[in-house]
Amino acid sequence: MRQILDRIADKWSLLVIALLDKRSLRFTELRRAIDGVSQRMLTRTLRHLERDGLVSRTVHPTVPPRVDYELTQMGATPHSTIRALVHWTEEHQNAIAAARAAYDRRTAAEHEAAEHEAAKRDVIARAALPTKD
């Protein structure tokens, strides 16, 4: 069960499934639509989804060959859950960005304060050491 959840819930698979819900797409269309995915990662993701029976691959005998990907009947079933997750992400992306920025500022300030305290302790420790005459 964990392997299946890992496959479906990884970030690239979620995006591929969400995009293929509307219509079949060619590899290049998928790659353009998914920001940040490499050709290698998209190829691996599509192969895994095809192996799991969630995506079908159709090769058209043209020059150059045209390959279309589409969701299988089984691949379309988790889409309502994925759509809800994508909708939630879209709704909360600004709040998440703000929370991340606040966290980063807070941890940077804590780190700076810790460094300042360490420097003060170092000065005190050096002052307590006997001097060489």
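This text gives an overview of the structure that appears in the document. Only a predicted model underlies this, so the values are computations on that prediction, with no experimental measurement involved. (Residues numbered from 1 in each chain as written. Predicted model: local features only at pLDDT ≥ 70, side-chain atom pairs only at ≥ 80, totals over all residues. Heavy atoms only, no water.)

Description of the environment of alanine 113
Then step 1. On the secondary structure map, alanine 113 appears in helix α6 (residues 79-128).
Then step 2. For alanine 113, a relative accessible area of 43% translates into the label partly exposed.
Then step 3. For alanine 113 and aspartate 6, which are 107 residues apart along the polypeptide, the C-alpha to C-alpha distance reads 40 Å. (Helix = DSSP H or I, 4+ residues; strand = E, 2+ residues; numbered from the N terminus. Buried < 20%, exposed > 50% of the residue type's maximum accessible area, 1.4 Å probe, protein only.)

Let's talk about the pattern of salt bridges
Then step 1. All chains considered together, the criterion is met by four salt bridges.
Then step 2. Residues arginine 126 and aspartate 122 are paired through a salt bridge, measuring 3.1 Å at the closest nitrogen-oxygen approach. In this pair, arginine 126 and aspartate 122 both sit in helix α6, four residues apart, roughly one turn of the helix. (Salt bridge = Lys/Arg side-chain N within 4 Å of Asp/Glu carboxyl O.)

Quick look at the layout of surface pockets
Then step 1. Its boundaries defined by the atoms lining it, the largest pocket holds a volume of some 220 Å³.
Then step 2. As for the largest pocket, its lining consists of Leu15, Ala18, Leu19, Asp21, Lys22, Ala33, His79, Ile82, Arg83, Val86, His87 and Glu90.
Then step 3. For the lining of the largest pocket, the elements supplying multiple residues, two or more each, are α2 (11-20) and α6.
Then step 4. Among the elements that make up the lining of the largest pocket, the one with the highest residue count is α6 (six residues).
Then step 5. Its residues assigned to classes, the lining of the largest pocket comprises six nonpolar, two polar and four charged. (1 Å grid on protein atoms, 1.4 Å probe; cavity = no way out; pocket = protein on both sides within 12 Å on 5 of 7 lines; lining within 4 Å. Points joined across faces, edges and corners; volume = space filled by probe spheres on them. Nonpolar A, V, L, I, M, F, W, Y, C, P; charged D, E, K, R; others polar.)

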